[in-house]
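# A closer look at the structure
Residues per chain, in single letters:
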Amino acid sequence: MSTSPTWPSGTHVVFPCCYKMNLSSVAGAPEMLLGRTRVGFQRSLDTEPRHQMDDSHRRFLQAMMRRGIVDEPTAKQLHQHCCSIQNTIYASDQFDEYIDTINSNLEPIFMQIRKGMCEDSGLQHYALVNMIETDVTRMTSDYADHELEIFRKIMDLVVDSDTGRAYSTEILNSTVTLPQKTKKTEIEQLLNRFVHDNWLTEKEGVYYLSTRCIIEMEQYIRNMYQDQIKVCRICRNIAFQTQVCENPTCGVKMHKPCMARFFRGTTEPRCPACKDVWTHEIPDDSQG
Amino acid sequence: MLQNKRSFNTHSSSANKKPSGTAGAAGEDEDATFTQPTSSQVERSLKKLLPGQIDQKTADVVEYILVKDQKKIPIRRGDLVKHVIKEYRNVYPEIMKRVAHTFEEVFGLKLVNIDTKNQLYILINKFEAIAGGLSFSSPDPKMGLLFVILSVIFMKRGVAKEGLIWSMLGRLSIDPAKRHEKFGDVKKMVTDEFVRQRYIEYVPIPHTDPPEHNFLWGLRANVEVSKAKLLQFVAEPPDPRLLFSLFFFFSFTQITSLKLGQGHVYHCYITFFFFLF
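Since the structure is predicted, the reported quantities are computational estimates derived from the model, not experimental observations. Throughout this description, residue numbers start from 1 for each chain and increase along the sequence as written. By the order in which they are written, chains take letters starting at A while ligands take numbers starting at 1. The predicted origin of the model limits local features to residues at a pLDDT of at least 70 and limits the giving and counting of side-chain atom pairs to 80 or more, whereas totals for whole chains, interfaces and linings rest on all residues. Derived side-chain values reflect all non-hydrogen atoms in the structure, with water molecules and hydrogen atoms excluded from consideration.

## A closer look at the overall build of chain A
The helix and strand inventory of chain A stands at 9 helices and 10 strands. Within the span of chain A, comprising 288 residues, buried residues form 54% of the whole. A run of H or I in DSSP counts as a helix once it spans at least four residues, and a run of E counts as a strand once it spans at least two, with each numbered from the N terminus. Under the scheme applied here, a residue whose accessible area is under 20% of the maximum for its type counts as buried, over 50% as exposed, and between as partly exposed, the area being computed with a 1.4 Å probe on protein chains only.

In structure tokens form, the structure reads like this:
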């Protein structure tokens, strides 16, 4: 009973999904994204030593590639699991360093494991992303140009909206101005595909950017929309689904989960910036 | 599914350097005209390049291979040279050395040339799937079915008539003529998908009418599947969890009717196998 059969290929690795949607192939993408611009690295290749990876790191990386995106509890479980299979030392408080080790080795090939928060649950997630775009990435989009144009329209709507949402009617209307006419049913099918491929989430006919989308596209979105994008007052990260301070001179924005955590236990919630009473409904902070 | 062909054409002949020993042949002939540079040629060309340039090309190739391998279609050297290496073909061996090194050291994957005649590459996993790994990778029923087919071919000394495979599937309640709830078009999966992925070969038998085929192991199966382990698997009762994973595609009623006790399940499995031979 100790024989472990070999499945044909243990594991065919599924490549990080970041190659499947390539918005830069659509006309109008900022020049910065074409060619090889390294965006957002903090670590310098030359000065910081690369940490040695062992087989547990490699297994972890393969698992990340297979799944695309994992939430923090799963990521930590995976960390423990990979260390135990390889009989390497495991310390639960060394998770960040573990990820760092992998990332320092992914840097030379312009990939990273990045962290992002689910705007609904507040749970942190990890995803493997590509840091640059090249001719190769342009080769592999799952979507046709006109479909990517529609996705960009959806993004426009989401960025514009305080609550980070795009209604299906709005989406349909926005496609009217596009050069390629798409039928209503085709748009609905495309929306289903976006949801199925985990670029968007949908609730009662309303569409939001998925956590995976936000993590993978963050660079692109920052470059594309620049000052238009909202930043959460609490966590300082990019934010789409927010609540906004009612004070017209303040207008500060917060993620719902960040706000829930911030106001936990307060009897009279006040805006962290202008101190006006916070009038929005505060969601339950079940994260404990 | 967009292939942005524009980017290939605008970039491909923009290099000023004329690559040594090759003409700008198009399409699949690219590899036919690609001659591996000698090591002294590589050395000379390397000196002319900045270190960063090689690194970036290496990154491009790693990316390309990962993306192509995602669909499990082998990568042709000709395509690689034409679309990615391009004007760096003088230092092709050096790039590939670094690419292979990156795959091993960072990803735990091996880049294997499965067809030295046609120069086809695949990525295989350095790690074997193990029983404990099940909880983190849900058993893929397609792989389970493939595994059974490979086992049958193996037990028939490497060549199995297609009729045998179809009847074996039939005994597992998988009718290739009908649409299966998990696998869809089973015949297509077995004769097209698995073949393109190089897990199986589906070879026509000459002078048969209606045309019949033989199933053989494919080039990918040869490098990915350990025949020794497979034999062990067939001969010895496996871990029951794996057994159930393997027969994932059974309907629930079939499994419950089979399982009267662990021993009985193994018995049925082995009996099933020997029944075929």
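## Considering the overall build of chain B
Secondary structure assignment for chain B yields 13 helices and 8 strands. In chain B, buried positions account for 49% of the 277 residues. We call two residues contacting when some pair of their heavy atoms lies within 4.5 Å. Of the contacts formed within chain B by residues at least 6 apart in sequence, a portion of 61% connects residues at least 24 apart. Total accessible area on chain B is roughly 13,900 Å²; 55% of this is exposed by carbon and sulfur atoms. Note that accessible areas follow from Shrake-Rupley with a 1.4 Å probe, and for residues the cover is restricted to the protein chains shown.

## Thoughts on unusual backbone geometry
Asp 209 of chain B connects to Pro 210 of chain B through a cis peptide bond whose omega is 5°. You can see Pro 210 of chain B is positioned in the loop between strand S7 (200-204) and strand S8 (213-217). Unusually for a residue other than glycine, Phe 110 of chain A sits at a positive phi of about 60°. Note on placement: Phe 110 of chain A falls in the loop between helix H3 (95-106) and strand S2 (111-117). One non-glycine residue, Arg 157 of chain B, adopts positive backbone phi at about 55°.

## A closer look at the environment of Pro 204 of chain B
Residues and elements named next belong to chain B. With respect to the helices and strands, the residue Pro 204 is situated in strand S7. Sequence separation between Pro 204 and Tyr 121 is 83 residues, and the spatial gap between their C-alpha atoms is 25 Å. Beyond its immediate sequence surroundings of up to four residues, Pro 204 is in contact with Glu 212 and His 213.

## Section: the side chain of His 79 of chain A
Here His 79 of chain A lies in helix H2 (residues 72-85). Residue contacts for His 79 of chain A: discarding those within four places in its chain leaves Phe 60, Tyr 90, Ala 91, Gln 94, Phe 95 and Tyr 98 of chain A.

## So, helix H5 (residues 145-160) of chain A
Multiply 1.5 Å by the residue count of a helix minus one, and that product is the helix's expected span. In a regular helix each residue adds 1.5 Å, so 16 residues correspond to 22 Å; H5 of chain A covers 23 Å between its end C-alpha atoms and thus fits that length. Within H5 of chain A the residues assigned to the buried category are Glu 147, Leu 148, Ile 150, Phe 151, Arg 152, Ile 154, Met 155, Leu 157, Val 158 and Val 159 of chain A.

## What about the sheet that holds strand S5 (residues 200-203) of chain A?
Residues and elements named next belong to chain A. Paired strands, in this sense, are two strands between which DSSP finds at least two bridges. Judged by pairing direction, the sheet is antiparallel, and its 3 strands sit side by side in the order S4-S6-S5 without closing on themselves. The open sheet has two free edges, formed respectively by strand S4 (166-167) and S5, since each of these has just one partner strand. Bridge count for S4 against strand S6 (residues 206-209) is 2 bridges, and the pairing is antiparallel. Residue pairing for S6: Ala 166 is matched across the bridge by Tyr 207. All axes are obtained by fitting lines to C-alpha atoms, using only the stretch in contact for helices, and the reported angles, taken between N-to-C directions, cover 0 to 180 degrees. Contacting S5 and S6, helix H7 (residues 184-196) runs over the sheet at an angle of about 110° to S5.

## Section: the packing of helix H3 (residues 51-70) of chain B against helix H4 (residues 77-85) of chain B
Between two packed helices, what matters for the description is the angle formed by their axes and the separation of those axes. Residue and element names in this part refer to chain B. Packing of H3 against H4 brings their axes to within 10 Å, and their N-to-C directions diverge by 130°. Judged on the interaxial angle alone, H4 and H3 are oblique. In this structure, H3 meets H4 at a crossing whose hand is right-handed. Where H3 abuts H4, its residues Lys 57, Asp 60, Val 61, Tyr 64 and Ile 65 lie against Asp 79, Leu 80, His 83, Val 84 and Ile 85. Partitioning the contact of H3 with H4 into residue classes produces 6 nonpolar, 1 polar and 3 charged. An angle below 35 degrees is read as roughly parallel, one above 145 as roughly antiparallel, one from 65 to 115 as roughly perpendicular, and any other as oblique. Crossing handedness is defined as follows: a turn of the near helix away from the far one that is anticlockwise and smaller than a right angle gives a left-handed crossing, while the clockwise case is right-handed. Residue polarity follows a fixed list, in which Ala, Val, Leu, Ile, Met, Phe, Trp, Tyr, Cys and Pro are nonpolar, Asp, Glu, Lys and Arg are charged, and the others, Gly among them, are polar.

## Here we look at the pairing of strand S2 (residues 109-115) of chain B
All names here are of chain B. Within S2, 5 of the 7 residues are buried, which leaves it mostly tucked inside the rest of the structure. Sheet topology places S2 next to strand S3 (residues 120-125); 6 bridges connect them, and they run antiparallel. By the bridge assignment, Val 112 is partnered in S3 with Ile 122. Two successive antiparallel strands, S2 and S3, enclose a turn made up of 4 residues, where Gln 119 displays a positive phi of approximately 55°.

## Regarding the nonpolar core
Side chains that are nonpolar tend, in soluble globular proteins, to be buried together. By size, the foremost hydrophobic cluster in this structure holds 51 residues, and its most contacted members are Phe 60 and Leu 106 of chain A together with Ile 65, Phe 103 and Phe 107 of chain B. Look past the residues within four positions of Phe 103 of chain B in its chain and what remains in contact with it is Val 62, Ile 65, Leu 66, Gly 108, Leu 109, Leu 111 and Leu 123 of chain B. To define a nonpolar core, start from buried Ala, Val, Leu, Ile, Met, Phe, Trp, Tyr and Cys residues and group those joined through side-chain atoms within 4.5 Å.

## Re the packing of aromatic side chains
All names here are of chain A. Note on ring pairs: Phe, Tyr and Trp rings are taken, using the six-membered ring of Trp, and paired if centres are within 6.5 Å. Classes follow the plane angle, with under 30 degrees stacked, over 60 edge-to-face and the rest tilted. Inspection of the entire model under this criterion finds 11 aromatic pairs over all chains. Their ring planes at 65° and their centres at 4.9 Å tell us that Phe 151 and Phe 194 sit as a pair that is edge-to-face. Here Phe 151 is found in helix H5, whereas its partner Phe 194 is found in helix H7, with 43 residues between them in sequence. For the pair Phe 151 and Phe 194, a shared accessibility class is recorded, and that class is buried. Between Phe 263 and Trp 278 the ring centres are 5.9 Å apart and the planes differ by 50°, which places this aromatic pair in the tilted class. One end of the pair, Phe 263, is in the segment after helix H9 (256-262); the other, Trp 278, is in the segment after H9, and 15 residues separate them in sequence.

## Things to note about a negative patch on the surface
A patch is a set of surface residues, each over 30% in relative accessible area and not in a salt bridge, joined within 9 Å for like charges and within 5 Å for the nonpolar side chains Val, Leu, Ile, Met, Phe, Trp and Tyr. Salt bridge, as used here: a side-chain nitrogen of Lys or Arg that lies within 4 Å of a carboxyl oxygen of Asp or Glu. The charge count includes Lys and Arg as positive and Asp and Glu as negative, but it does not include His or the ends of the chains. Charge positions are represented by NZ for Lys, CZ for Arg, CG for Asp and CD for Glu. A cluster of acidic residues, Asp 93, Asp 96, Glu 97 and Asp 100 of chain A, forms a negative patch on the protein surface. Locating Glu 97 of chain A in the fold gives a position in helix H3.

## Digging into the pattern of salt bridges
A side chain of one charge can pair with a side chain of the opposite charge if their charged atoms are brought near each other. Counting across every chain of the model gives 19 salt bridges over all chains. Between Arg 220 of chain B and Asp 69 of chain B there is a salt bridge, with the nearest N and O atoms lying 4.0 Å from each other. Of this pair, Arg 220 of chain B sits in helix H9 (residues 219-224) while Asp 69 of chain B sits in helix H3, and the two are 151 residues apart along the sequence. Each member of the pair, Arg 220 of chain B as well as Asp 69 of chain B, carries the same accessibility label: buried. One network of salt bridges, with partners in common, ties together Asp 55 and Arg 58 of chain A together with Glu 105 and Lys 126 of chain B.

## Description of the pairing of S5 of chain A
Residue and element names in this part refer to chain A. Here S5 runs beside S6; their pairing, made up of 4 bridges, is antiparallel. Across the sheet, the residue bridging to Thr 201 is Tyr 208, located in S6. Where S5 folds back on S6, the antiparallel hairpin that results is connected by 2 residues, among which Glu 204 adopts a positive phi of roughly 50°.

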